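Residue-level listing of the chains:
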Amino acid sequence: MTISVAERAELRSAVRDLLHDRCTEADVRRIIASGDGYDRTLWAGLAAQGVVGLLVDPEYGGVGLGAPELVAVAEETGAALLPAPFLSSAVLTVALIRAAGTESDRQRLLPALADGTAIGTVALTGPRGSWTADGVDVRADDDGKLTGTAHYVTHGQIADTILVTAHTGDGPAVFQVAPEAPGFTRTPATVFDPTTPLSTYTFTGTPARRIGTAGWDAVQQALDLGVIALAGEQAGGARRIFDITVDYLKTRIQFGRPIGSFQALKHMAADLLLQVESATSAARHAADRFDDDQDRAGATALAGFACAEAYVDTAMQAIQMHGGIGFTWEHPAHLYLRRARTGLHLFGDSGSHRERYLLSKGA
């Protein structure tokens, strides 16, 4: 479904208002200390707004919007440091079911994901974290039983709709594993960013149900949408920590005047603003090109490395520009840096995105 620019702005505003009220810095700190990695009430509120079912077609209980609306929402979730399985469940899992699943799979799985009563995740990559077909470590035998490990599984401890990419005799395929399946264990990983919990999944002869007949192309399509949504979050996070820093430069007085009047800090702020604007443009451009098979790979790859690097640089410089207070646990700057650092490697690192971008251009 296509909506107007004005309607997209209304969607963005509604999400921003909800997060402003229920995902404050204090809420983020409370949620990451809770152990679940998300707030059920907040998740239900996002579901009521249609955010959780944003990509789910209306016949399965969702809103049926596309990548441009996804990025608009992601910019707001990134700005608020939303600790919730948005990328995991509402984006990757839904996108993979849409790309790989049969009509029966969609009817069976999408409604609960759309209303937030089910939490989804996708186990995609092995210990190298390459996020490519070659990086998949799990294998399926002829009976559909899985063996191997999957790493960096987002919100893997709370997921109850679990999709796994595994090698078969015919190439990579997608399987569903029940949370209580024999031979399946999930172990929480030690993370730098507590707003993005990760898990390691181990499969030892674990029975699984194949989803559709599609292979890696379907996985790549879902992964591309995950990269685009992550880029939107990175652009939104970079803009928010930039705005926090500019406000600080205007109010912090040193030598009798605001430190923002110092020439060196003005130049740093100008450079960061350029990065923030460029990241926002890259994320939105990738969303606009998602449905174009010819341009999608290059635009997605560009957003993948440009937004990740801009976010890390902006967050690091923000801490420097805040001085000593920026290094403290009490200040939110380090939370943005932690989120930025995690995103730098999630769904592919800058090197792999750059290589894909060059290949898309025939280089």
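All of these numbers come straight from a predicted model, not from anything done at the bench. Within any chain, residue numbers begin from 1 and follow the written order of that chain's sequence. Whole-chain, interface and lining totals are the exception, using all residues; otherwise, since this is a predicted model, local features are given only for residues with pLDDT of at least 70 and side-chain atom pairs are given and counted only at 80 or more. To obtain the side-chain values, all non-hydrogen atoms of the structure were used and water was disregarded.

S.K.: Got a minute to help me understand the pattern of salt bridges in this structure?
M.R.: Opposite charge on two side chains allows them to pair when their charged atoms are near. By salt bridge we mean one thing: a side-chain nitrogen of Lys or Arg within 4 Å of a carboxyl oxygen of Asp or Glu. One pass over the structure, following the stated rule, counts 18 salt bridges. The partner of Arg12 in a salt bridge is Glu75, with the nearest N and O atoms 2.9 Å apart. On the criterion of sequence distance, the pair formed by Arg12 in helix H1 (residues 5-22) and Glu75 in helix H4 (residues 67-79) is long-range, its members being 63 residues apart. Like Arg12, the residue Glu75 is buried in the burial classification. The partner of Asp295 in a salt bridge is Arg289, with the nearest N and O atoms 2.8 Å apart. Whether a residue is buried, partly exposed or exposed follows from its accessible area with a 1.4 Å probe, protein chains only, as a fraction of its type maximum: under 20%, in between, or over 50%, in that order. Accessibility expressed as a relative area gives 32% for Asp295, which makes it partly exposed. Here a strand is any run of E in DSSP of at least two residues, a helix any run of H or I of at least four, and the numbering for each starts at the N terminus.

S.K.: Mind showing me how you'd approach the nonpolar core here?
M.R.: Note on soluble globular proteins: their nonpolar side chains tend to be buried together. Residues grouped as a nonpolar core are buried Ala, Val, Leu, Ile, Met, Phe, Trp, Tyr and Cys residues, joined through side-chain atoms within 4.5 Å. Judged by nonpolar contacts, the single largest core of 100 residues is most densely connected at Leu46, Phe86 and Phe347. With 17 residues, the top contributor of residues to this core is helix H7 (residues 216-251). Excluding its chain neighbours within four sequence positions, the residues that come into contact with Phe86 are Trp43, Val51, Leu70, Val73, Ala74, Thr77, Val91 and Glu233. In terms of nonpolar packing, the next biggest core, distinct from the first, is built from 17 residues, Ala159, Ala166, Phe184 and Phe203 among them. Any two residues having at least one pair of non-hydrogen atoms within 4.5 Å are treated as being in contact.

S.K.: Just checking my understanding: could you explain the pairing of strand E5 (residues 171-177) for this structure?
M.R.: Regular strands show a simple pattern: their side chains alternate between the two faces of the sheet. With respect to burial, E5 is a largely interior element, six of its seven residues being buried. Strands are labelled as partners when DSSP assigns at least two bridges between them. With two bridges connecting them, E5 and strand E8 (residues 209-210) associate as antiparallel partners. From the neighbouring strand, Phe175 faces E8, where its bridge partner is Arg210.

S.K.: I would appreciate a short explanation of the environment of Val136 in the present structure.
M.R.: Its location among the elements puts Val136 in the loop between strand E1 (120-123) and strand E2 (139-140). Each C-alpha atom of the pair Val136 and Gly183 lies 18 Å from the other, and the pair is 47 residues apart in sequence. With residues near it in sequence (within four places) discarded, Val136 still touches Leu124, Gly126, Thr165, Ala166, His167 and Trp216.

S.K.: What is the right way to look at empty space enclosed by the protein in this model?
M.R.: Think of a ball as big as a water molecule: rolled over the atoms, this probe shows where empty space is left. Within this scheme a cavity is a closed region of a 1 Å grid, computed over the protein atoms alone, that accommodates a 1.4 Å probe without allowing it to escape, whereas a pocket is open but has protein on both sides within 12 Å along at least five of seven lines; lining residues each have an atom within 4 Å of a point. Grid points are joined across faces, edges and corners, and a volume is the space filled by probe spheres set on the points. According to the stated counting rule, one finds two cavities of 30 Å³ or more in the structure shown. Taken as a whole, the largest cavity holds about 200 Å³ of empty space. Among the elements of the structure, helix H5 (86-100), H7 and helix H10 (333-343) are those that each provide at least two residues to the lining of the largest cavity. The element contributing the most residues to the lining of the largest cavity is H7, with four residues. Under the grouping applied here, Gly and all other residues not named as nonpolar or charged are polar, the nonpolar ones being Ala, Val, Leu, Ile, Met, Phe, Trp, Tyr, Cys and Pro and the charged ones Asp, Glu, Lys and Arg. Residue classes in the lining of the largest cavity are distributed as seven nonpolar, ten polar and two charged. Approximately 50 Å³ is the volume attributed to the second largest cavity. Looking at the second largest cavity, the residues that line it are Val227, Leu230, Ala231, Gln234, Gly304, Ala308, Gly343, Leu344, Leu346, Phe347, Gly348 and His353. Contributing elements (two or more residues each) for the lining of the second largest cavity: H7 and helix H9 (296-322). Tallying contributions element by element places H7 first for the lining of the second largest cavity, with four residues. Taken together, the residues of the lining of the second largest cavity sort by class into seven nonpolar, five polar and no charged.

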